[in-house]
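The lines below spell out each chain.
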Amino acid sequence: MKKHRNRSIFSALGILSLLLPLEGWARDTVDLAGEWRFQLDRGDVGGEEKWFTSRLPEKIRLPGSLQAQGYGDEPSVATKWIGSIKDRAWFESPEYEKFRQPGNIKIPCWLQPEKHYLGAAWYQRDIVLPEGWEGHHVTVSLERCHWFTDAWLGDVHLGSRESLSVPHEYVLPRDLAPGKHTLTIRVDNRIRFNVGHDAHSISDHTQTNWNGIIGDLELIARPPIWIESVRTSPGKKPDTVRVAATIRNATGKRGEIAGFQASVGGPGGAALKPALETSVMLKEESTVFEFDAFFGKAKGWDEFQPNLHRLGLLVTTGEGKDRIEDRYHATFGLREVASNGRRVTIDGRPIFLRGTLECCIFPDTGYPPTDPEPWRRIMEICREHGLNHLRFHSWCPPEVAFRVADELGFYIQAELPTWAYNMGEDQPRDEFLKRELDRILDTYGNHPSFILMSMGNELRGDDAYLTSLVDHAVEKDPRRLYACTTHHHRSASDQFRITMRIGEKRIKIRGLRGPGTDWDFSEAIVDEKIPVIAHEIGQFCAFPDFEEIKRYQGFLKPKNFELFRDRLDQRGMLPQARDFLMASGKLQALCYKEEIESMLRTPGFGGFQLLDLHDFPGQGTALVGVLNARWESKGYITPEEYRRFCAETVPLARFAKRAWTPGETFKARLDVAHFGAKDLDACHAEWTLATGDGRTVGKGRLPAADASTGRVSTLGEISAPLGELAAPTALRLTVSIPGTEAVNDWNLWVYPEVPSDEPGDEVTVVKQLDEATMAKLEAGGRVVLLPDFGTLDGRKEDWQPIFWNTQWFRTPNRSLGLLCDVDHPALAAFPTAFHSDWQWHDLVNRSVAVDLTGAPVELQPIVQVVPDWNDPRREALVFECRVGKGRLLVCSADLNADLAGRLPALQLRRSLLDYAAGDQFEPTAKVTVDGIRELLRQPPTEP
């Protein structure tokens, strides 16, 4: 183990209550939670009219927000939201008209609050200062306010506070007499500093722009000489802790000699050992006393062993009735955060950041929790899915989130509460952010879980200003790594980089490249010298889960989901909603698997931050999570399945393609991405290649290989001849590492490579419905329409699901994968699940969706496109119908061009034609000649 002088040491819990009851001076509290008097200040006249001198007329409870307690206005078209609305359709489109009416407001952009209020509000209550508090240093502490406050005690103005990230504290007059006093707090949630309307610190997109006070509300009495804060860092000598204690002196005297004692102890309740007894010369107001306390050989802190230790401090002065004493108790963890090339290290061991975002999404309250259990639940759910890291997007969480992360060994990236594109160009805002940076570091800097900090999300602007923030943070508190922004700007002072594009050529380090897995991002990151973390990967959408609606019992209501459900019902597809969810969810999970694996198999890659493990209910409603916005499962992937490709140890397979022929030998290279606590010495990879019914095609055990932690190691090559398979066949490759929980798998397919036999005269295969073809249909013939790619007038499809959503981004992709009728005989010779998989990749990317909106409801697709919930259309890649006396089978994917090199296309063509020639080809839905031409948007051929 390294000497402790090479580690940073951090206080995790901050100022707590006394270790032991004291007979003399004591740090004491009065809880201010409960009923307060209250009044909205719609006209902004409370200050001028001195409301702090009158009794406010209404009632409210704190902690809490005024909106969640029924104050404010019902949302309307005129509501002044904090947050961008990029799609104006809700305000302007006739189809949303009924959802803009009073009493039926349903906004598609985010979860909808029951009440909205923007402005000042006044909170007031009587407080009683206990006897014996004379001479104490008494403060009012408000854990989290949103977000500007003023305070009065009686008619005395105590000051103003401005933070979005740390408690607002006010000092009461020293000569205040015991007994009853009136405390009045004015809270204003308007934007004074433009941190960005979409910043999650203030935006209606996620937490809402609430007005109120949450967390601990209390009066705190400290002795006139007290320990205000403690900072721990590496000691100057081995086995020591460097402690910097700030001692405040409110006696008005200097030169007092104070006794000072420090004790340290190990985890698990070990007894504190005396480490130091000395005296301190006090200055008039504030004294910083630094010393090295012997600590001994203590265990470090990381994700595998989150060891926390104890620190106790005692300051005393005076004798007898004049004796003053104060105690301070905290826990701390030992770790050194640094970098080694493109990876972050903890105590020299490279880590891989498997993270997701926390965007202040709390539907029950509209604001973040300040008690531990909700945070423990979130972080444990992340752990269950193989993650070790949370990034707080454009906001900083309350103290309790850091505390829980410390206890669990979970890494945190906090950010300044901003998302702006003009940094350095707005002096009031820029100065506020500099102050906020200091406040965050002073308040939360001691937590071992706090390993990364960015100055905000996707910032742009003046390089000098952004660089100055990083330089200031590094100088003030070098106990973590800093970056000037999460994505976009690059500063020469950055200690890590979170981005989706690298280098002068802006090469992407995210996204999918096709069915093969023999690629990575090595070329993109080769010139990078600091840790590189992929920004907001994924953003693959799934269809809404309308079962969620009934689970929203809190302040935010899923009116967006109700609107989507109503529109789907209007289009006649509501009975398919569950199938759409499951099919799109399976594709979504498949896409996340491939993107995560591409980063794990890249040597030297620093990690990723998902957007997201759970849904983002704002910015147009981004259903990008395998969990919903409440961190609940949607039912299409389990945590155990997710950990197969997202964990500290993940087997990886590199192969060139997913589609093979019986004449080939399947080949792959097996690697393992290992970021566990210890090396894997002499580990073996075991593999099987098997059919869906369990028949083994190949299996083996590779020779022993060492897999060092903190890297990707090659385990060996595998091969399996495919000649004995009866094509077509679906296969699954499974790889495991015995002695660990690591196992992973991939789907493959084997297809015959010979061209299919064309059907006989009983089936006509055409590329266009000309008059001769229509005549055959009228006469009772069988027709298979396989248009050339690009000849149908429709929307080109994309195998990947919608990115984010189509309200926020006008991307060409408007679908969420396929829903296949796997029991339909038309697909009998084309192995497929009920959802898209990689064998559909080329087929979908060379297809046009056929819009069946105007067709009879009986016309149900064989292969249906899962629709965009914002514009749900019944669309098909494969469907069948009666036209006249004849039977028509249509496939809008390209089954004509380059079939020799497109095995899935060749096989789907064979399956459809075999079906069309057989006895089971008996469609029931009827479409007229004009109707089929309208559906296919193919004009009649001239005679």
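For the structure itself, consult the block above.
Conventions used here
Residues numbered from 1 in each chain as written. Predicted model: local features only at pLDDT ≥ 70, side-chain atom pairs only at ≥ 80, totals over all residues. Heavy atoms only, no water. Helix = DSSP H or I, 4+ residues; strand = E, 2+ residues; numbered from the N terminus. Rg over C-alpha atoms; globule rule 2.2 N^0.38 Å. Buried < 20%, exposed > 50% of the residue type's maximum accessible area, 1.4 Å probe, protein only. Contact = heavy atoms within 4.5 Å. Areas by Shrake-Rupley, 256 points an atom, 1.4 Å probe, with all protein chains shown as cover. Lys, Arg positive; Asp, Glu negative; His and termini not counted. Charge placed at Lys NZ, Arg CZ, Asp CG, Glu CD. Pairing = 2+ DSSP bridges. Axes fitted to C-alpha atoms, helices over the stretch in contact; angles between N-to-C directions. Phe/Tyr/Trp six-rings, centres within 6.5 Å; stacked < 30°, edge-to-face > 60°. Lys NZ or Arg CZ within 6 Å of the ring centre and 35° of its normal. Right-handed = clockwise from strand over helix to strand, strands pointing away. Parallel < 35°, antiparallel > 145°, perpendicular 65-115°, else oblique. Left-handed = near helix turned anticlockwise from the far one by under 90°. Nonpolar A, V, L, I, M, F, W, Y, C, P; charged D, E, K, R; others polar. Core = buried A, V, L, I, M, F, W, Y, C linked by side-chain atoms within 4.5 Å. Salt bridge = Lys/Arg side-chain N within 4 Å of Asp/Glu carboxyl O.

1. Brief notes about the overall build of the chain
- Check the secondary structure of the chain and you find 13 helices and 52 strands.
- A compact globule built from 943 residues should have a C-alpha radius of gyration of about 30 Å, and the chain, at 32 Å, falls within 12% of that.
- Within the chain, the fraction of its 943 residues that count as buried is 61%.
- For the chain, contacts bridging at least 24 residues in sequence account for 73% of all contacts bridging at least 6.
- Working note: accessible area of the chain is about 35100 Å², and carbon and sulfur atoms make up 48% of it.
- Side chains of the chain carry 114 positive and 134 negative charges; the gap between the two charge centres is 3 Å.

2. Some points on the sheet that holds strand β27 (residues 450-454)
- Spatial strand order, β28-β27-β26-β25-β24-β34-β32-β29: 8 strands in an open sheet with parallel pairing. Only two strands of the sheet have a single partner each, and these edge strands are β28 (481-483) and β29 (497-499). Averaged over all adjacent pairs, the angle separating strand axes in this sheet is 25 degrees, with direction ignored.
- Note that strand β25 (residues 389-392) and strand β26 (residues 411-415) share 3 bridges and pair parallel. Residue pairing for β26: Arg 391 is matched across the bridge by Gln 413.
- Here helix α8 (residues 577-600) sits on the sheet in contact with β32 (532-538) and β34 (607-611), set at roughly 175 degrees to β32.

3. Digging into the packing of aromatic side chains
- Counting across every chain of the model gives 40 aromatic pairs.
- Consider the rings of Phe 616 and Trp 804, whose centres lie 5.0 Å apart with planes at 50 degrees: the pair is tilted. A residue pair is termed long-range when its members are at least 10 positions apart, and Phe 616 in the loop between β34 and α9 (639-642) and Trp 804 in the loop between β47 (795-796) and β48 (815-820) qualify at 188 residues. Of the two residues, Phe 616 and Trp 804, both sit in the buried class.
- Here the aromatic residues Trp 51, Phe 52, Trp 122 and Trp 152 are joined through ring pairs into a cluster of three or more.
- Over the ring of Tyr 421 we find Arg 460; its NZ or CZ atom is 5.1 Å from the centre of that ring.
- Here the basic side chain of Arg 630 rests over the ring of Tyr 552, its NZ or CZ set 5.5 Å away from the ring centre.

4. Comments concerning the pairing of β26
- Of all 5 residues in β26, 5 are buried, a share of seventy percent or more.
- Of the two faces of β26, both are covered, the one formed by Tyr 411, Gln 413 and Glu 415 as well as the one formed by Ile 412 and Ala 414.
- In this fold, β25 hands off to helix α3 (residues 399-408), which returns the chain to β26; that crossover is right-handed.

5. Brief notes about the sheet that holds strand β4 (residues 58-62)
- In space, the 6 strands of this open sheet follow the order β4-β3-β7-β12-β9-β10, with antiparallel pairing throughout. Edge positions in the sheet fall to β4 and β10 (156-161), since each has one partner strand and no second. Between one strand axis and the next, the sheet turns through 30 degrees on average, direction left out of account.
- Taken together, the 5 bridges between strand β3 (residues 34-41) and strand β7 (residues 120-129) define a ladder with antiparallel strand orientation. The residue bridging Leu 40 from the neighbouring strand is Ala 121, located in β7.

6. Observations concerning the packing of helix α4 (residues 427-444) against helix α5 (residues 463-476)
- One way to put it is that α4 packs onto α5 with a least axis distance of 11 Å and a crossing angle of 20 degrees. It follows from the interaxial angle that α4 and α5 lie roughly parallel. At the point where α4 passes α5, the crossing takes the right-handed sense. Across the interface between the two elements, Asp 430, Leu 433, Lys 434, Leu 437, Asp 438, Leu 441 and Asp 442 from α4 touch Tyr 465, Leu 469, His 472, Ala 473 and Lys 476 from α5.
- Its residues placed into classes, the contact of α4 with α5 shows 6 nonpolar, 1 polar and 5 charged.

7. Quick look at the nonpolar core
- Within the largest apolar cluster, 169 residues are counted, with the highest numbers of intra-cluster contacts made by Trp 375, Met 379, Phe 608, Tyr 642 and Trp 840.
- Of all the elements, α8 adds the most residues to this core, at 13 residues.
- Apart from residues lying up to four places away in sequence, Trp 375 is in contact with Glu 358, Phe 362, Pro 368, Pro 369, Phe 392, Trp 395, Pro 397, Pro 398, Val 400, Ala 401 and Val 404.
- Counting residues in hydrophobic clusters, the runner-up holds 31 residues, among them Tyr 117, Tyr 123, Cys 145 and Leu 183.

8. Observations concerning the pattern of salt bridges
- Taken as a whole, this structure holds 66 salt bridges when the rule is applied.
- Across the salt bridge formed by Lys 106 and Glu 562, the nearest N and O atoms sit 3.4 Å from each other. Residue Lys 106 is located in the loop between α1 (89-92) and β6 (112-113), and its partner Glu 562 is located in helix α7 (residues 559-570); the two are separated by 456 residues in the primary sequence.
- Its salt-bridge partner being Asp 292, residue Arg 242 comes within 3.3 Å of it at the nearest N-O pair. You can see Arg 242 sitting in strand β15 (residues 240-249) and its partner Asp 292 sitting in strand β18 (residues 286-294), a full 50 residues away along the chain.

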